Amino acid sequence: MIMLKFLSFLFLFSIFFRVSVFAQDTAQNSPFTFSGYVDAYGAYYTDSVGINNFQKFPTVSPRSQQIGLNIAMLTAKYSADKVRGVITLQYGDIPKSSWSSTYNFIQEANAGVRITDGLWLDGGFFRSHIGCEGLLPKENITSSIAIPTYYEPYYEAGFKLSYAATQKLALSLFLLNGYNLFEDNNTEKSGGMLAGYTFNDNTSLTYANYFGNDAPEGDSISKFKFFNNLFLNYKINKFRIVSEIDFCVQENSNLTNVYESASLWCGLFTLGYQAAKKIDVYCRGEIYDDPNGILSGVFLN
């Protein structure tokens, strides 16, 4: 029996401890910056699938009942008036569980030139421009990744045209190989955009999208996908709120009629509270509805 509606509710109990180390070195007046980051963890899951196996929806702290290395990474950046570039190498359970198998050690590697004031053209491998949760544990309120984030792209390859329109408005256009792809799986190229507006130091709103046909080369049925992401960051006093909603439509993907389009939607709401100087408390609610398995696939019941 095929489940047409995937993941209406999930309960997961986890206990984490985390040790993070960050270091950075910048020589005075040098365009080069070097930095490193190490994140170790220990985790216990009530839905454990056994020692040395990845849990369901694995990304951050993906192994149960053991001490592990989430990520160890080194970054080198070059930033000058008209030229810039960055390369980040990585190793650990996060890249093993969720990254490209072909370029598993490369988190990002790109270079760019400034066309005019505020306008840059960059090309290479990038981290995804979609989603409210970051790849690294230090970037998020929570100690785990939400299921909507798990099915969003983590990385991308192509060109990015970015423009700082004002101090509050940032715009970007993307020409990409595909959805969550470094290497393209067909001859068609995909696109995307991002628009972020910062209202003040406490509030920002970001919209991002992706569109393209990701059907494998030789497939006669197009799978043109239009993915939309909207998220809000809000902070007041000791509280922080991150809220997101995704909506995606893909043609020729309905399970009951292959020539009809199908859609998915998902969302999350995260509330964080700084209880003490070094103690944060958080809760997160999420929902993921992909009845035709556009991104989640279908599962046997």
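Structure: above.
This report concerns the structure included in the present document.

About the cut-offs
Residues numbered from 1 in each chain as written. Predicted model: local features only at pLDDT ≥ 70, side-chain atom pairs only at ≥ 80, totals over all residues. Heavy atoms only, no water. Helix = DSSP H or I, 4+ residues; strand = E, 2+ residues; numbered from the N terminus. Buried < 20%, exposed > 50% of the residue type's maximum accessible area, 1.4 Å probe, protein only. Areas by Shrake-Rupley, 256 points an atom, 1.4 Å probe, with all protein chains shown as cover. Salt bridge = Lys/Arg side-chain N within 4 Å of Asp/Glu carboxyl O. Core = buried A, V, L, I, M, F, W, Y, C linked by side-chain atoms within 4.5 Å. Contact = heavy atoms within 4.5 Å. Phe/Tyr/Trp six-rings, centres within 6.5 Å; stacked < 30°, edge-to-face > 60°. Polar contact = N/O pair within 3.5 Å; in protein donor to acceptor, adjacent residues only side chain to side chain. Pairing = 2+ DSSP bridges.

### Observations concerning the overall build of the chain
Per the secondary structure count, the chain includes two helices and 16 strands. Per-residue burial for the chain yields a buried fraction of 42% across its 301 residues. Roughly 16,100 Å² of accessible area belongs to the chain as shown, and the carbon and sulfur atoms make up 60% of that amount.

### As for the pattern of salt bridges
Scanning the entire structure with this criterion turns up nine salt bridges. Residues Asp81 and Arg114 are paired through a salt bridge, measuring 3.1 Å at the closest nitrogen-oxygen approach. Of the two residues, Asp81 sits in the loop between β4 (66–79) and β5 (83–91) while Arg114 sits in strand β6 (residues 106–116), which places them 33 residues apart along the sequence. One salt bridge connects Glu286 with Arg284, and the closest N-O pair in it is separated by 3.0 Å.

### As for the environment of Tyr44
Turning to its location among the elements, Tyr44 is positioned in strand β3 (residues 32–45). Residues Tyr44 and Pro62 lie 18 residues apart in sequence; the distance between their C-alpha atoms is 9.7 Å.

### Some thoughts on the nonpolar core
If you look at the biggest cluster of nonpolar residues, it comprises 18 residues, and the most contacted ones within it are Tyr151, Tyr210, Phe227, Leu264, Tyr288, Ile294 and Leu295. Among the secondary structure elements, those contributing two or more residues to this core are β9 (169–176), β11 (203–213) and β14 (262–276). Looking at this core element by element, the count peaks at three residues for β14. Once residues lying within four places of it in the same chain are set aside, the contact partners of Leu264 are Asp246, Phe247, Cys248, Tyr288, Asp289, Asp290, Ile294 and Leu295. The next biggest cluster of nonpolar side chains, apart from the first, holds 14 residues, and it includes Ile94, Trp99, Leu135 and Ala157.

### A few points about the packing of aromatic side chains
Per the counting criterion, the structure on display carries 17 aromatic pairs. Measuring from centroid to centroid gives 6.4 Å for Trp99 and Phe182, while their planes differ by 70 degrees, and the two rings are edge-to-face. Linking Trp99 in the loop between α1 (93–98) and β6 with Phe182 in the loop between β9 and β10 (190–200), this pair joins segments that are 83 residues apart in sequence. We classify Trp99 as buried; its relative accessible area is 7%. Residue class for Phe182 comes out buried when judged on its relative accessible area of 4%. Consider the rings of Phe239 and Tyr273, whose centres lie 4.8 Å apart with planes at 40 degrees: the pair is tilted. Taken together, the positions of Phe239 in strand β13 (residues 239–250) and Tyr273 in strand β14 put the pair 34 residues apart, joining distant regions of the chain.

### A closer look at unusual backbone geometry
In terms of backbone geometry, most residues other than glycine have negative phi values and most peptide bonds are trans. The residue Ser61 is not glycine, and still its phi comes out positive at about 50 degrees. Examined against the element boundaries, Ser61 turns out to sit in the loop between β3 and β4. A positive phi angle is found at Asn252, which is not glycine, with a value near 55 degrees. Mapped onto the fold, Asn252 is located in the loop between β13 and β14.

### Observations concerning the environment of Glu133
As for its placement among the helices and strands, Glu133 is situated in the loop between β7 (119–127) and α2 (147–150). For Glu133, a relative accessible area of 12% translates into the label buried. When sequence neighbours within four positions are dropped, the list of residues in contact with Glu133 reads Asn140, Thr142, Ser144, Ile145, Ala146, Thr149 and Arg284. Here Ala146 takes part through its backbone nitrogen, which lies 3.0 Å from a polar atom of the side chain of Glu133. At 2.6 Å, the side chain of Glu133 and the side chain of Thr149 are in polar contact.

### Thoughts on the pairing of β5
In this sheet, β5 lies alongside β4 in antiparallel orientation, the contact comprising eight bridges. For Ser79, the partnering residue across the bridge sits in β5 and is Arg84. Hairpin connection, β4 to β5: the antiparallel pair is bridged by three residues. Bridge count for β5 against β6 is seven bridges, and the pairing is antiparallel. Paired with Ile87 across the bridge in β6 is Ala109.

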